[in-house]
Amino acid sequence: MKITVIGTGYVGLVTGACLADSGNHVVCVDIDQAKIDALTRGEIPIYEPGLRELVDRNRGAGRLSFTTEAAAAVSASRLVFLAVGTPPLEDGSADVKYLVRAVEDISGHLPQQSIVVIKSTVPVGTNAKITGRLKELTGRDCHVCSNPEFLKEGAAIDDFLKPDRVVVGTRDRDVANVMRTLYAPYLRTEKPLLVMSPESSEMVKYAANAMLATKISFINEIANLCQRTAADVDDVRRGIGHDSRIGFAFLFPGVGYGGSCFPKDVRALVATARGLGIEPRLLTAVDEVNTRQKTVLLEKIRRQCGEDLRGKVLAIWGLSFKPRTDDVREAPALALIDQLLESGATIRAHDPEAMENVRKLYGDRLSYFQDQYDALDGVDALVLMTEWKEFVHPDFDAMRSRMRAAVVFDGRNVYSPDTMREAGFTYHSIGRASVMPR
Ligand code: NAD
């Protein structure tokens, strides 16, 4: 099939590359000329494991190309995916202006039989809104189908190629069949393609993210309770996770969720509810617990190092909102950096992939180290903010020898308290007792 993907960000680029990989001819469009130039030169503007190989292979085979010219791409396409951003407005609701603008750009060039597929995360009613706008612009009924994306950054390609399910929002049987044909190569293990109304499919995406965010805020709240008692959240997590009704997924205590989806989507759903005259108490609490969770480590740091952090030097390992991505949008590490800088601390930062994105935000207000151990020279403590694999089994002797004080704040409960005590560290984690070196 001939396909255009509009918006070549995390979702659009992965979608385009994966669809090309099953033989489709895909043109990825973006308004960001620098991004398209880079892609055309063979550079990948984001870090996502496996993406470079996938893009190179399909570009080489002539199935994947990049342009800023939406009109030409769309005019030859059966399917036009919209994967532009839907950032939050002041009140938390999703701003669909980029989506509307994209539709206005392409409306004059859409072939009669083409299907517009909304992949961006959009509020309930957006499909109807886009359908209406297209009718105004073209004078005809255009096919607009909803197809929310559930990929996780860091495992995006695997998620796209092996989805748990594909959701398609349409009332048109022919459109559903085209989508079934498109997704057939990725559903060979009998995972379902669920066809429903556009409104339901729009709600599915928000409900899924709200549920996952709720699990994270839930375990963080339990962790904070454990912290004030002799309970250990890791034992509690195991004790509940083995209950098949509960499970282990998304039940890891930490410094709160971040990224470009959970915070924004929970708030957008709150805004949707309020717009309907409903006060969504659970969702509001999920967001509040998460915002509060991003301050938990600072409180521990202050208790250990003193209220006034001027003159204190702290290393941070991990800046991205989760491992295996360079995405720092709403990353808990950024909230901590703001708090530490405000308290007068000096920060030495390391991340395997996200340092350039953080440098764009903070410039030389932090120092950055390619080597994780170099970041530790002379520090009063290390703060671990993202559970990258390379942090899991570090050389503890090398760490201690470079740090001014052997103190670790672990925002992801990566280490065992016993191991850290044996290794000679004062160790603070989330929802577990702090330990002193033996
Ligand atoms: P992104 O910011 O990485 O990419 C969006 C891209 O769209 C940018 O490159 C931007 O330049 C481009 N763009 C904006 N207007 C355009 C236009 N008129 N024409 C062409 N290009 C245009 O965003 P993302 O993270 O890929 O997210 C895209 C959507 O998918 C959002 O609605 C998001 O909520 C949703 N989503 C994201 C993820 C994720 O993990 N990032 C997962 C599932 C769903």
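Definitions and cut-offs
Residues take numbers from 1 onward in each chain, read along the sequence in its written order. Predicted model: local features are reported for residues with pLDDT of at least 70 only, side-chain atom pairs are reported and counted for 80 or more only, and whole-chain, interface and lining totals are derived from all residues. The basis for every side-chain value is the complete set of non-hydrogen atoms in the structure, without hydrogens or water. Numbering goes from the N terminus for both helices and strands, where a helix is a DSSP run of H or I of at least four residues and a strand is a run of E of at least two. We call two residues contacting when some pair of their heavy atoms lies within 4.5 Å. Residue exposure ignores everything except the shown protein chains as possible cover, and the areas themselves are Shrake-Rupley values with a 1.4 Å probe. This count recognises Lys and Arg as positive and Asp and Glu as negative, with His and chain-terminal groups excluded. Where a charge sits is defined by one atom per residue type, namely NZ (Lys), CZ (Arg), CG (Asp) or CD (Glu). Source of the domain bounds: an automatic or database domain assignment. Take the accessible area each of two parts loses on contact, using a 1.4 Å probe, and add the two losses: that sum is the buried area. Salt bridge, as used here: a side-chain nitrogen of Lys or Arg that lies within 4 Å of a carboxyl oxygen of Asp or Glu. Only strands joined by at least two bridges in the DSSP assignment are considered to pair. Working convention: axes come from line fits to C-alpha atoms, limited for helices to the stretch in contact. Angles between N-to-C directions cover 0 to 180 degrees. Any Phe, Tyr or Trp ring, taking Trp's six-membered ring, that has another such ring centre within 6.5 Å forms a pair; planes under 30 degrees apart are called stacked, those over 60 apart edge-to-face, and the others tilted. Three exposure classes are used, based on accessible area relative to the maximum for each residue type with a 1.4 Å probe and protein chains only: buried under 20%, partly exposed in between, and exposed over 50%. By definition here, charges over rings are those cases where NZ of Lys or CZ of Arg is within 6 Å of the ring centre and within 35 degrees of the ring normal. In the cavity and pocket records, a cavity denotes points on a 1 Å grid over the protein atoms alone where a 1.4 Å probe fits but cannot get out, a pocket denotes an open set with protein on both sides within 12 Å along at least 5 of 7 lines, and lining residues are residues with an atom within 4 Å of a point. Grid points are joined across faces, edges and corners, and a volume is the space filled by probe spheres set on the points. Gly is put with the polar residues, along with every residue not named as nonpolar or charged; the nonpolar set is Ala, Val, Leu, Ile, Met, Phe, Trp, Tyr, Cys and Pro, and the charged set is Asp, Glu, Lys and Arg. Each polar contact in these results corresponds to two N or O atoms within 3.5 Å; when the atoms are within protein, one needs to be able to donate a hydrogen and the other to accept it, and residues that are neighboring in sequence are counted only if both atoms are side-chain atoms.

Caption draft 1: The overall build of the protein chain, seen in detail. For the protein chain, the count of helices and strands is 17 helices and 14 strands. Considering only C-alpha atoms, the protein chain reaches an extent of 75 × 50 × 40 Å along its principal axes. Partitioning the intrachain contacts of the protein chain with sequence separation of at least 6 by distance along the chain shows that 70% fall at a separation of at least 24. Summed over all atoms, the accessible surface of the protein chain reaches about 19300 Å², with 51% contributed by carbon and sulfur. Charge-centre separation for the protein chain: the mean point of 55 positive side chains lies 3 Å from the mean point of 58 negative side chains.

Caption draft 2: Structural detail: the environment of Ala-17. With respect to the element layout, Ala-17 can be found in helix α1 (residues 10-21). When the C-alpha positions of Ala-17 and Ile-3 are compared, they lie 11 Å apart, and in sequence the two are 14 residues distant.

Caption draft 3: Main features of the domain arrangement of the protein chain. Domain annotation of the protein chain identifies domain 1 (2-196), domain 2 (206-292) and domain 3 (294-428). A separation of 37 Å is found between the C-alpha centroids of domain 1 and domain 3. In this assembly, 9 residues from domain 1 lie in contact with 10 residues from domain 3. Together domain 1 and domain 3 conceal approximately 730 Å² of surface at their shared face, both sides included; 42% is due to carbon and sulfur atoms. In terms of surface lost to domain 3, no three residues of domain 1 exceed Tyr-10, Tyr-47 and Glu-153, which account for 72% of the buried area on that side. Where domain 1 touches domain 3, the interface holds 1 salt bridge. Between Arg-329 and Glu-153 there is a salt bridge whose closest N-O contact spans 3.8 Å.

Caption draft 4: Spotlight on the sheet that holds strand β12 (residues 381-384). The parallel open sheet is built from 6 strands, whose spatial order is β11-β10-β9-β12-β13-β14. In this open sheet, the two edge strands, each paired with only one partner strand, are β11 (367-368) and β14 (426-428). Two elements, β12 and strand β13 (residues 407-410), share 3 bridges in a ladder whose sense is parallel. Within β13, the residue paired with Leu-384 across the bridge is Asp-410. Packing against the sheet, helix α13 (residues 296-305) makes contact with β9 (313-317), β12, β13 and β14, and its axis sits at approximately 165° to β13. Against the sheet, helix α14 (residues 332-342) touches β9, β10 (346-350) and β12, its axis set at about 175° to β9.

Caption draft 5: Quick look at the packing of aromatic side chains. For the structure shown, the criterion picks out 10 aromatic pairs. Here the aromatic rings of Phe-160 and Tyr-183 are separated by 6.1 Å at their centres, their planes lie at 40°, and the arrangement is tilted. Taken together, the residues Phe-160 in helix α7 (residues 156-161) and Tyr-183 in helix α8 (residues 173-183) connect sequence positions 23 residues apart. The residues Phe-160 and Tyr-183 share a single accessibility class, namely buried. Relative to Phe-391, the ring of Trp-317 has its centre 5.1 Å away and its plane inclined at 25°; by these criteria the two rings are stacked. A residue pair is termed long-range when its members are at least 10 positions apart, and Trp-317 in strand β9 and Phe-391 in the loop between β12 and α16 (396-402) qualify at 74 residues. Residue classification places Trp-317 among the buried positions, given a relative accessible area of 0%. Aromatic ring contacts, followed pair by pair, group Phe-396, Tyr-415, Phe-425 and Tyr-427 into a single cluster. Sitting over the face of the ring of Phe-150, Arg-165 holds its NZ or CZ atom 3.6 Å from the ring centroid.

Caption draft 6: Structural view of the layout of surface pockets. Estimated volume of the second largest pocket: approximately 340 Å³. Taken together, 14 residues line the second largest pocket, and the ones lying closest to its centre are Asn-224, Gln-227, Arg-228, Arg-292 and Glu-299. Listed by contribution, the elements that provide at least two residues to the lining of the second largest pocket are α9 (198-227), α12 (281-293) and α13. Of the residues forming the lining of the second largest pocket, the biggest block, 5 residues, is contributed by α13. Of the residues belonging to the lining of the second largest pocket, the class tally is 3 nonpolar, 5 polar and 6 charged. Taken domain by domain, the makeup of the lining of the second largest pocket includes at least three residues from each of domain 2 (206-292) and domain 3 (294-428).

Caption draft 7: View of empty space enclosed by the protein. The tally for this structure, following the rule as stated, stands at 1 cavity of 30 Å³ or more. For the largest cavity, the calculated volume is near 60 Å³. Looking at the largest cavity, the residues that line it are Ile-118, Ser-120, Thr-121, Val-122, Ser-146, Asn-147, Pro-148, Ser-201, Glu-202 and Lys-205. Ranked by residues supplied to the lining of the largest cavity, first place goes to α9 with 3 residues. Residues belonging to the lining of the largest cavity are distributed by class as follows: 3 nonpolar, 5 polar and 2 charged.

Caption draft 8: Geometry of the side chain of His-428. Tracing the backbone shows His-428 in strand β14. At 2.8 Å, the side chain of His-428 and the side chain of Gln-304 are in polar contact. Side chain to side chain, His-428 and Ser-434 meet in a polar contact 2.8 Å long. If near-sequence neighbours (up to four positions away) are discounted, His-428 is found in contact with Lys-300, Gln-304, Val-407, Val-408, Phe-409, Asp-410 and Ser-434.

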